[in-house]
Amino acid sequence: MQKRKKEKEPEKQSQFQIFWRMFRKNKLAVAGLVVLLLIILAAIFADFITPYYPEEQNLAGAFISPNASHWFGTDEFGRDIYTRVIYGARQSLVIGFGAVALAMVIGCVLGLISGYYGGAVDAFLMRIMDIIMAIPSMLFAIAIVAALGSNLRNLLIAIALSKIPNYARIMRASVMSVKQMEYVTSAKVLGVSNLRVILGDILPNSFSPIIVQATLGVAFSILTAAGMSFLGLGIQPPTPEWGNMISTAKNYIREFPYMTIFPGAAIMVTILALNLLGDGLRDALDPKLRY
Amino acid sequence: MLRYSIKRLLQLIPVALGVSLIVFTLLHISPGDPVKLMMGENVSQEVLERTREAMGLNDPFVVQYLNYIKDVFLHFDLGESYATKQPVIEEILKCFPSTLKLTLVSMAVATVGGILLGVLSAVNQNKGIDSVINVLALLGISFPSFWLGLLLILLFSVQLGWLPSSGLEGWKGMILPCTVLSLQSIASLTRMTRSSMLDVIRQDYVRTAKAKGLSAAAVIFFHEIKNALIPIITTIGMDFGSLLGGAVLCETIFSIQGIGRLMVDSIKRRDYPVVQGCVIFIALACCLVNLAVDLLYMVIDPKLKKTKTEG
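Values in this document were obtained by computation on a predicted structure and should not be read as measured data.

Colleague: Give me the lowdown on the overall build of chain A, citing residues and values where you can.
Modeller: The helix and strand inventory of chain A stands at 13 helices and 0 strands. Taken from N to C terminus, the helices and strands of chain A fall in the order α-α-α-α-α-α-α-α-α-α-α-α-α. Here the C-alpha coordinates of chain A stretch approximately 75 × 55 × 25 Å along the principal axes. In chain A, of all internal contacts separated by at least 6 residues, the share reaching a separation of at least 24 is 70%.

Colleague: Describe in detail the overall build of chain B, supporting the description with residues and values.
Modeller: When its secondary structure is counted, chain B shows 13 helices and 0 strands. In chain B, the order of α-helices and β-strands from amino to carboxyl end is α-α-α-α-α-α-α-α-α-α-α-α-α. Projected onto its principal axes, the C-alpha positions of chain B cover 85 × 60 × 30 Å. Across the 311 residues in chain B, those meeting the buried criterion constitute 47%. Here the analysis covers contacts within chain B between residues at least 6 apart in sequence; of these, 71% occur between residues at least 24 apart. Entry remark: accessible area of chain B is about 15300 Å², with carbon and sulfur atoms responsible for 65%. The averaged location of the 23 negative side-chain charges in chain B is 12 Å from the averaged location of its 27 positive side-chain charges.

Colleague: Account for the interface of chain A and chain B, with residues named and values stated.
Modeller: Of the residues lining the interface, 38 residues belong to chain A; the matching set on chain B comes to 43 residues. Here chain A packs against chain B, burying approximately 3400 Å² in sum over the two surfaces, 84% of which is carbon and sulfur. Of all residues in chain A, L139(A), L231(A) and M268(A) give up the largest surface area on contact with chain B, accounting jointly for 16% of the area buried on that side. Across the chain A-chain B interface, the total number found is 1 salt bridge. Ionic pairing is found between D279(A) and R191(B), a salt bridge with its closest N-O pair at 2.8 Å. Counting across the interface, chain A meets chain B through 4 residue pairs in polar contact (both at pLDDT 80 or more). A breakdown of the residues in the side of chain A that touches chain B according to their chemical character gives 29 nonpolar, 4 polar and 5 charged.

Colleague: Account for the domain arrangement of chain B, with residues named and values stated.
Modeller: Residue and element names in this part refer to chain B. Split into domains, chain B comes out as domain 1 (2–75) and domain 2 (88–310). Using C-alpha coordinates to define each centre, domain 1 is positioned 33 Å away from domain 2. In this assembly, 18 residues from domain 1 lie in contact with 17 residues from domain 2. Our count for the domain 1 to domain 2 interface comes out at 0 salt bridges. In this assembly, domain 1 and domain 2 are joined by 1 residue pair in polar contact (both at pLDDT 80 or more). Secondary-structure elements contributing two or more residues to the side of domain 1 that touches domain 2 are α1 (2–28) and α4 (61–75). In terms of residue count, α1 provides more of the side of domain 1 that touches domain 2 than any other element does, 12 residues in total. By residue class, the composition of the side of domain 1 that touches domain 2 is 13 nonpolar, 4 polar and 1 charged.

Colleague: So what's going on with the confidence of the model for chain B? Which residues, and what values?
Modeller: Per-residue confidence for chain B gives a mean pLDDT of 82; residues scoring 70 or more make up 92%. ipTM for the predicted complex: 0.83, alongside a pTM of 0.85.

Colleague: Please provide a residue-by-residue account of unusual backbone geometry, values included.
Modeller: Cis geometry is adopted by the peptide bond preceding P238(A), which originates at P237(A) and carries an omega value of 10°. Summarising the element assignment, P238(A) is placed in the loop between α11 (207–230) and α12 (242–249). Of note in this structure, S255(B) is not a glycine but carries a positive phi near 45°. Structurally, S255(B) can be placed in the loop between α10 (216–253) and α11 (259–268). Among the residues examined, S255(B) registers a relative accessible area of 40% and is labelled partly exposed. The phi torsion at R270(B) lies on the positive side, around 55°, for a residue other than glycine.

Colleague: Got a sec to walk through the environment of Q91(A)? Specific residues and values, please.
Modeller: Residues and elements named next belong to chain A. Mapped onto the fold, Q91 is located in helix α5 (residues 81–117). Relative accessible area serves as the criterion here: at 16%, Q91 is assigned to the buried category. Distance from Q91 to A43, taken between C-alpha atoms, is 9.0 Å for residues 48 residues apart in sequence. Not counting the four nearest positions on each side in its chain, Q91 is found in contact with L152, I235, T239, P240 and E241.

Colleague: Summarise the packing of helix α6 (residues 119–134) of chain A against helix α8 (residues 152–179) of chain A; cite the residues concerned and give the values.
Modeller: Residues and elements named next belong to chain A. It is at 9 Å that the axes of α6 and α8 come closest, and there the two elements cross at 140°. Taken together, the axis directions place α6 and α8 in an arrangement best described as oblique. Between α6 and α8 the crossing geometry is left-handed. Across from D122, M126, M129, D130, I132 and M133 in α6, the residues of α8 making contact are L161, S162, I164, P165, N166, A168, R169 and R172. Considering only residue class, the contact of α6 with α8 consists of 8 nonpolar, 2 polar and 4 charged.

Colleague: Account for the pattern of salt bridges, with residues named and values stated.
Modeller: A side chain with one charge can pair with a side chain of the opposite charge if their charged atoms come near. All told, the structure shown has 10 salt bridges over all chains when counted by the stated rule. Shared partners join several salt bridges into a network, and the residues in it are D279(A), R282(A), D283(A) and R191(B).

Colleague: Describe the packing of aromatic side chains, listing the residues and the values that go with them.
Modeller: Residues and elements named next belong to chain A. Scanning all chains against the criterion turns up 17 aromatic pairs over all chains. Ring centres 5.7 Å apart and planes at 25° place the aromatic pair W20 and F23 in the stacked group. Of this pair, W20 and F23 both sit in helix α2 (residues 15–25), 3 residues apart, which is roughly one turn of the helix. When its relative accessible area of 2% is taken as the criterion, F23 is described as buried. These aromatic residues form a ring-pair network of at least three members: F63, Y252, F256 and Y258. Over the ring of F220 we find K163; its NZ or CZ atom is 4.1 Å from the centre of that ring. Across from the ring centre of F230, 5.0 Å away, lies the NZ or CZ of K250, which sits over that ring.

Colleague: An account of the packing of helix α7 (residues 137–148) of chain A against α1(B) is needed here, citing residue identities and associated values.
Modeller: The N-to-C vectors of α7(A) and α1(B) enclose an angle of 25°; their axes lie 8 Å apart at closest approach. Our classification of the angle between α7(A) and α1(B) gives roughly parallel. When you trace α7(A) past α1(B), the crossing you get is left-handed. Taking contact as the criterion, the partners of F140(A), A143(A), I144(A) and A147(A) in α7(A) are, on α1(B), I22(B), L26(B) and L27(B). Split by residue class, the contact of α7(A) with α1(B) holds 7 nonpolar, no polar and no charged.

Colleague: Give me the lowdown on the side chain of S114(A), citing residues and values where you can.
Modeller: As for its position among the elements, S114(A) is in helix α5. Among all residues touching S114(A), those that are not within four sequence positions of it are D122(A), L125(A), M126(A) and R172(A).

The rules behind the values
- Residues numbered from 1 in each chain as written.
- Chains lettered and ligands numbered in written order.
- Predicted model: local features only at pLDDT ≥ 70, side-chain atom pairs only at ≥ 80, totals over all residues.
- Heavy atoms only, no water.
- Helix = DSSP H or I, 4+ residues; strand = E, 2+ residues; numbered from the N terminus.
- Contact = heavy atoms within 4.5 Å.
- Buried < 20%, exposed > 50% of the residue type's maximum accessible area, 1.4 Å probe, protein only.
- Areas by Shrake-Rupley, 256 points an atom, 1.4 Å probe, with all protein chains shown as cover.
- Lys, Arg positive; Asp, Glu negative; His and termini not counted.
- Charge placed at Lys NZ, Arg CZ, Asp CG, Glu CD.
- Buried area = accessible area lost by both parts, 1.4 Å probe.
- Salt bridge = Lys/Arg side-chain N within 4 Å of Asp/Glu carboxyl O.
- Polar contact = N/O pair within 3.5 Å; in protein donor to acceptor, adjacent residues only side chain to side chain.
- Nonpolar A, V, L, I, M, F, W, Y, C, P; charged D, E, K, R; others polar.
- Domains from an automatic or database assignment.
- pLDDT = per-residue confidence, 0-100.
- Axes fitted to C-alpha atoms, helices over the stretch in contact; angles between N-to-C directions.
- Parallel < 35°, antiparallel > 145°, perpendicular 65-115°, else oblique.
- Left-handed = near helix turned anticlockwise from the far one by under 90°.
- Phe/Tyr/Trp six-rings, centres within 6.5 Å; stacked < 30°, edge-to-face > 60°.
- Lys NZ or Arg CZ within 6 Å of the ring centre and 35° of its normal.

Okay, structure coming up:
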């Protein structure tokens, strides 16, 4: 009796422990997580990291190549590019995580309703999702920003709206598959309310694909936001943002290529970290790859 | 097959109407008086009012929308540009060939490159070449395309002087824009192909084919690629939309007079009919491509053909 209990011990690990054990094995994913956390910390504590102000002009010190006091050099107004890159992380992270959070909440609710109730509600909601998906998300974002004006809030809303169908579809698919399971049927037979069935049984089972999609979604949102700002349709100067920094820097690319290189490298490192993290999460959450 | 195709074509109609409604509403609520934008600020109140009436801008929203879609779908008339006074459809058709050329070539490059690299990577799983391709693909999906474009111009046009930094003329002019536009698709398609191939490679019938003595190449081409194609084609179809979106950035960087550039310029000029026309035009193009992809599934997978035509 006692021996059997001991053998069962490993199975008693919580879902999270299993996940964490799998995730930790993937060194690249852990590296991605660490880099991402560093970027987030840098964005939060930007004021303490650099002695310069991101929007402080110093025309006498314009176009200084990278050196000991200006690690990434200075731009056309003599602003320290390292400082601007650090502060720029704020905009990108807010849009990246904000847009995904918004899209995820709305998408999941719509997907739940659609999958759980089915029928006409489902057909109607899914047609709307089809319509949104028919417009490439970059163009959809451009159309929204063209109509509402270009600033951080509108950019965030634009990207979020274009991504709602992704989450709605994942959620709907997993609700439909879980709905057939016996434990859900039995819960309903026992008289558990609809809301509790959804929150207690269906949501936890849809968690993994949503999380993976969200991580990659943050990467996508940051790239789209940077692209929009690069086109002049996103965050406007003088607010430092990686895309609009590159947009200005491209005018000086022949003489001062470092102005273009650093903000772009910041985007790439962030996206790479998110992609590594996303891959790691996908593998760690996939039960087929466990043990 | 024919019946299913027609059914799918008919399903496009509500989507097209929905897209036009969303875009029309968005630009309807945008700030700014279209008449003032069109005629400039120095026009008398009376003239403004008369033009507004003549253009139907005093009609209720629903009437305006119905008139708009009637023009769009019955006469292919997308309205008139505020800036050039030309019909929007003409402006779009003038720019569309460049965008189409850029997108189709990039899509072809991405398809060939992505599938080749993915297969190469999958059949050499866990060997050196697999790791190299994996790293490259990961970098590929992480590179901001507009940044890559600028770096390539810096290297190949400014430093080395080998390739032109703008335009889309000749094969030399195509190299940089198509590389920039296709990079993300190549990378994502490589990853998709690799994982899809790995799924197939583990299947029993592949083992059987190997056991009965088919050469490695024959197994790869007749059994593995064919069966790994469905998710690959889905990715290609979905990538077409993002390629068209990416074309906006690409056209801006390389100064190509395409539809994306037209749209961005029109937003800056507040030339809303052109913006509206471009978005609707591209969305419809994407719908048609997705329809084509859907029909392609049935050619590839007879199982699907049966269920879909019956259901």
